[in-house]
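Single-letter residue listing:
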Amino acid sequence: MERQVYDRMAELDQRHWWYRARRRVLAQLIARVVRPRPNSKILEVGCGTGHNFAMLDLFGSVDAIEVDPAARAMAEMRLGRPIGSSPLPALEGVADNSYDMIGSFDVIEHIADDRAALAGIARCLKPGGKFVMTVPAHQWMWSAHDVVNHHQRRYSKASLKALVDGSPLKLEKMGYLNSFLLPVAIAARAAGKLTGKDDGDDTLPPAPLNAALEVVFAQEARLIGKVPLPPGLSLWAVASTGT
């Protein structure tokens, strides 16, 4: 990703509605669908600034990988120990069959060979281990945000299913998230293109709007994994190595 993306992540990951609400939604997704065993050994691939660590700590002992040096330094301060830097798809240095759960949250869309990335992740999972990922949805939503973030693609349900089916992993469940705000996002991106302000820069909204958006997105924590959500800005999938 562009340097400015990591810098903005470091600035906003504890205050911006998207980060704050997504962590609440992901926690419920993991609890309900992944259902990791107590004291699981967990790896986050592409941890950025480490803003998911406190949430993942609820489920076990967390290790992480991040390729950007500045983001990795911040993540190491948050985790309190060194973080690996080996990129997907090889994950060189990560032992085979070593993790109960691996998470990659808005990471796989950055990898040119996404099928090889899933094969690399599968290698690192224990038998019966689970992989949980989120990716951006709907190629027709492509915008400057995707360009700045160096996305290779956005996914449909069909293309995400095909990705998992073509990997060593077995798809267990998938669905949408950030569904309630999809109409708002469509309108905002359309307006940005019409006004020439589609620059891909994520900023912190005014406090009342930031709080309102967080409340709306976080409502999905009550539903995710229980009932299918309507089409949203992102897709999630849980897959396993089998037993």
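Just above sits the structure.
These figures come from a predicted structure and were not determined experimentally.

Caption draft 1: Fine view of the packing of helix H5 (residues 114-124) against helix H7 (residues 157-165). Relative to each other, H5 and H7 sit at 50 degrees, their axes nearing to 9 Å. On the basis of their axis angle, the class for H5 and H7 is oblique. When the axes of H5 and H7 are compared, the crossing they make is right-handed. Here Asp114, Arg115 and Leu118 of H5 lie close against H7, whose contacting residues are Ala162, Leu163 and Val164.

Caption draft 2: Region of the structure containing the environment of Arg72. Looking at the element boundaries, Arg72 is found in helix H4 (residues 69-79). In this view, Arg72 contacts Gly48, Glu66, Val67, Ile83, Gly84 and Ser85; residues no more than four positions away in its chain are not counted.

Caption draft 3: Molecular detail of the state of the cysteines. According to the stated counting rule, one finds zero disulfides in the structure shown. With no disulfide of its own, Cys47 has Cys124 as its nearest cysteine by sulfur position, at a separation of 15 Å. Look at Cys47 and you get buried, because its relative accessible area is 1%.

Caption draft 4: Examining the sheet that holds strand S1 (residues 40-45) more closely. On the basis of which strands lie adjacent, the open sheet formed by six strands has the order S2-S1-S3-S4-S6-S5 and mixed pairing. Because the sheet does not close on itself, it has two edges, and the strands there are strand S2 (60-65) and strand S5 (170-177). Pairwise comparison of adjacent strand axes, ignoring direction, gives a mean angle of 15 degrees for this sheet. Note: S1 against strand S3 (residues 99-105), three bridges, orientation parallel. Across the sheet, residue Glu44 finds its bridge partner in S3, namely Gly103. Contacting S3, strand S4 (125-136), S5 and strand S6 (234-240), helix H2 (residues 17-34) runs over the sheet at an angle of about 145 degrees to S4.

Caption draft 5: Broad picture of the pairing of S3. Among the seven residues of S3, seven are classified as buried, and the element is accordingly described as predominantly covered. With six bridges connecting them, S3 and S4 associate as parallel partners. From the neighbouring strand, Ser104 faces S4, where its bridge partner is Met133. Handedness of the crossover joining S3 and S4 through H5 is recorded here as right-handed.

Caption draft 6: The pattern of salt bridges, seen in detail. Under the counting rule described, the total for this entry stands at 12 salt bridges. Here Asp114 ties to Arg153 by a salt bridge, and the two come within 3.6 Å at their closest N and O atoms. Taken together, the residues Asp114 in helix H5 and Arg153 in the loop between helix H6 (144-148) and H7 connect sequence positions 39 residues apart. We classify Arg153 as buried; its relative accessible area is 15%. Residues participating in the shared-partner salt-bridge network are Arg20, Arg24 and Glu214.

Caption draft 7: Region of the structure containing H2. An ideal rise of 1.5 Å per residue puts 26 Å on 18 residues; H2 measures up with 24 Å between its terminal C-alpha atoms. Considered for burial, the residues of H2 that qualify are Trp17, Tyr19, Ala21, Arg22, Arg23, Val25, Leu26, Ala27, Leu29, Ile30, Val33 and Val34. Just beyond H2, the residue with positive phi is Arg35, at close to 50 degrees.

Caption draft 8: Molecular detail of the environment of Phe217. Tracing the backbone shows Phe217 in helix H9 (residues 207-218). Residue Phe217 is classed as buried on the basis of its relative accessible area of 1%. Considering only alpha carbons, one finds Phe217 and Leu181, 36 residues apart in sequence, at a separation of 6.9 Å. Excluding residues within four positions of it along the chain, Phe217 makes contact with Trp17, Trp18, Ala21, Arg22, Val25, Leu177, Asn178 and Leu181.

Caption draft 9: Inspection of the pairing of S6 at higher detail. Counting buried residues in S6 gives seven out of seven residues, a clear majority hidden from the surface. Here S6 shows two buried faces, one formed by Ser234, Trp236, Val238 and Ser240 and the other by Leu235, Ala237 and Ala239. Sheet topology note: the S4/S6 ladder contains seven bridges and is antiparallel. When the bridges of S6 are listed, Thr134 appears paired with Trp236. Relative to S6, S5 runs antiparallel, the two sharing seven bridges. In the sheet register, Lys170 faces S6, and the bridge partner there is Ser240.

Definitions and limits used
- Residues numbered from 1 in each chain as written.
- Predicted model: local features only at pLDDT ≥ 70, side-chain atom pairs only at ≥ 80, totals over all residues.
- Heavy atoms only, no water.
- Axes fitted to C-alpha atoms, helices over the stretch in contact; angles between N-to-C directions.
- Helix = DSSP H or I, 4+ residues; strand = E, 2+ residues; numbered from the N terminus.
- Parallel < 35°, antiparallel > 145°, perpendicular 65-115°, else oblique.
- Left-handed = near helix turned anticlockwise from the far one by under 90°.
- Contact = heavy atoms within 4.5 Å.
- Disulfide = S-S within 2.5 Å.
- Buried < 20%, exposed > 50% of the residue type's maximum accessible area, 1.4 Å probe, protein only.
- Pairing = 2+ DSSP bridges.
- Right-handed = clockwise from strand over helix to strand, strands pointing away.
- Salt bridge = Lys/Arg side-chain N within 4 Å of Asp/Glu carboxyl O.
- Expected span 1.5 Å × (residues − 1).

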